[in-house]
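Architecture and fold: a report
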Amino acid sequence: MPESTSTPRTTMHERPLSPHLTIYKPQITSVLSISHRITGAFLSAGLLVFVAWLWIAAYCPESYAAFMECTSSWWGKSLLAAWSFAFFYHFLNGIRHLFWDMGKGLDLPAATRSGWITVIGSLFVTACVWYALLG
Amino acid sequence: MSFRTPLARVRGIGSAKDGVHHWWMQRVTSVALIPLSLWMVYTLMRLTTSELSHAQNWLQSPLNALLLIAFLGASIYHAKLGVQVIIEDYVHQPFGKYSLLLTNTLGFVLLFLMAAMAVFKLHML
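Bear in mind the structure is a predicted one, so any value in this text is a computation, not a measurement.

Rules behind the numbers
- Residues numbered from 1 in each chain as written.
- Chains lettered and ligands numbered in written order.
- Predicted model: local features only at pLDDT ≥ 70, side-chain atom pairs only at ≥ 80, totals over all residues.
- Heavy atoms only, no water.
- Helix = DSSP H or I, 4+ residues; strand = E, 2+ residues; numbered from the N terminus.
- Rg over C-alpha atoms; globule rule 2.2 N^0.38 Å.
- Buried < 20%, exposed > 50% of the residue type's maximum accessible area, 1.4 Å probe, protein only.
- Contact = heavy atoms within 4.5 Å.
- Areas by Shrake-Rupley, 256 points an atom, 1.4 Å probe, with all protein chains shown as cover.
- Lys, Arg positive; Asp, Glu negative; His and termini not counted.
- Charge placed at Lys NZ, Arg CZ, Asp CG, Glu CD.
- Core = buried A, V, L, I, M, F, W, Y, C linked by side-chain atoms within 4.5 Å.
- Salt bridge = Lys/Arg side-chain N within 4 Å of Asp/Glu carboxyl O.
- Axes fitted to C-alpha atoms, helices over the stretch in contact; angles between N-to-C directions.
- Parallel < 35°, antiparallel > 145°, perpendicular 65-115°, else oblique.
- Left-handed = near helix turned anticlockwise from the far one by under 90°.
- Nonpolar A, V, L, I, M, F, W, Y, C, P; charged D, E, K, R; others polar.

Counting its regular elements, chain A contains five helices and zero strands. Walking chain A from its N terminus toward its C terminus, one meets helices and strands in the order α-α-α-α-α. In summary, chain A has a C-alpha radius of gyration of 23 Å against a globular reference of 14 Å for 135 residues, an excess of more than 25%. When each of the 135 residues of chain A is scored for burial, the buried share is 28%. Looking at chain A alone, contacts between residues at least 24 apart form 72% of all its contacts between residues at least 6 apart. For chain A, the accessible area works out to roughly 9,400 Å², and carbon and sulfur atoms hold 71% of it. Taking the average location of the 8 positive side-chain charges in chain A and that of its 6 negative ones, the two points are 12 Å from each other.

Attention now goes to the nonpolar core. Judged by nonpolar contacts, the single largest core of 29 residues is most densely connected at Phe-50 and Leu-54 of chain A together with Leu-68, Phe-71, Leu-72 and Ile-76 of chain B. Taken together, the elements giving at least two residues each to this core come down to α2 (28-59) of chain A together with α2 (20-48), α4 (62-90) and α5 (94-123) of chain B. Element by element, the count of residues in this core is highest for α4 of chain B, at nine residues. In this structure Phe-71 of chain B touches Phe-50 of chain A together with Leu-33, Leu-36, Ser-37 and Met-40 of chain B, once residues within four positions along its chain are discounted.

Here the focus is the pattern of salt bridges. It is possible for side chains bearing opposite charge to pair when their charged atoms get close. For the structure on display, the rule yields two salt bridges over all chains. Arg-27 of chain B is the salt-bridge partner of Asp-101 of chain A, the closest N and O atoms lying 2.6 Å from each other. Here Asp-101 of chain A, found in helix α4 (residues 74-101), pairs with Arg-27 of chain B, found in helix α2, and the two come from separate chains.

A few words on the side chain of Thr-126 of chain A. Residue and element names in this part refer to chain A. When you line up the elements, Thr-126 lands in helix α5 (residues 108-134). The exposure class of Thr-126 is buried, given its relative accessible area of 9%. The residues contacting Thr-126, other than those within four sequence positions of it, are Ser-84, Phe-85 and Phe-88.

α4 of chain B packs onto α2 of chain A with a crossing angle of 135° between their chain directions and a minimal axis gap of 10 Å. Taken as axis vectors, α2 of chain A and α4 of chain B run oblique relative to one another. Classified by chirality, the crossing of α4 of chain B by α2 of chain A is left-handed. Between α2 of chain A, through Ile-34, Arg-37, Ala-41, Ser-44, Leu-47, Phe-50, Val-51 and Leu-54 of chain A, and α4 of chain B, the contact on the second element is made entirely by Leu-68, Phe-71, Leu-72, Ser-75, Ile-76, Ala-79, Val-83, Val-85, Ile-86, Asp-89 and Tyr-90 of chain B. A breakdown of the residues in the contact of α2 of chain A with α4 of chain B according to their chemical character gives 15 nonpolar, two polar and two charged.

Moving on, we come to the packing of α2 of chain B against α4 of chain B. All names here are of chain B. Taken N-terminus to C-terminus, the directions of α2 and α4 make an angle of 140°; their axes are 9 Å apart at the nearest point. Between α2 and α4, the angle is such that the two are oblique. Crossing angle aside, the handedness with which α2 passes α4 is left-handed. The residue makeup of the contact of α2 with α4, split by class, is 13 nonpolar, eleven polar and no charged.

Quick look at the structure:
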């Protein structure tokens, strides 16, 4: 029996892995799923900014004007537009998830259809909202 | 032989160590957020296209203050649950994972307290 040796940490990093993300074809199911997570994380950051806005309005009135200037800058408006799209996407895909939780629409053709409705719906609603705000 | 029941043997394994309550609360907050976030979007659209004095008056109404705090509470709880699974899915070193999970919970609790204080202060102007 050879004497036992504990696995050095370097060996764990040298062992080969099968490729996954680099070779798997992106599909409506997987892309929308990770997008739901990404929009959720992005919206969480937006919540921080939203609460910061309320706090500044309530307790730091001397900084309020500076904050509002940031929201009217080109990067501020881009962030707001991005947050609005992320919101409508996460909202529609969230409802899609709730249908799945009830056991409805889990087959691939239905999930593909509802997926496209989510993507096109969120683009359409975001465009409508910004048209209403700016048009 | 183990005298544990199948349920006892299975409890506490997996990346989160516990799960159904989290799953259910995510659905409960989602359902609450369907009407609340639509109301929030509609409100923000109306308020940003009117003057600041109108916004200040708007928040004097108890119903508006209530809905705003309800929206913030539900969305902050929903966000905390969501970020929690992201941490559990991608961080596996125990020190990093548990310190991030703690920061997550405490951070969102602090955020809600700030939100509640700000809304109440603006409401009582």
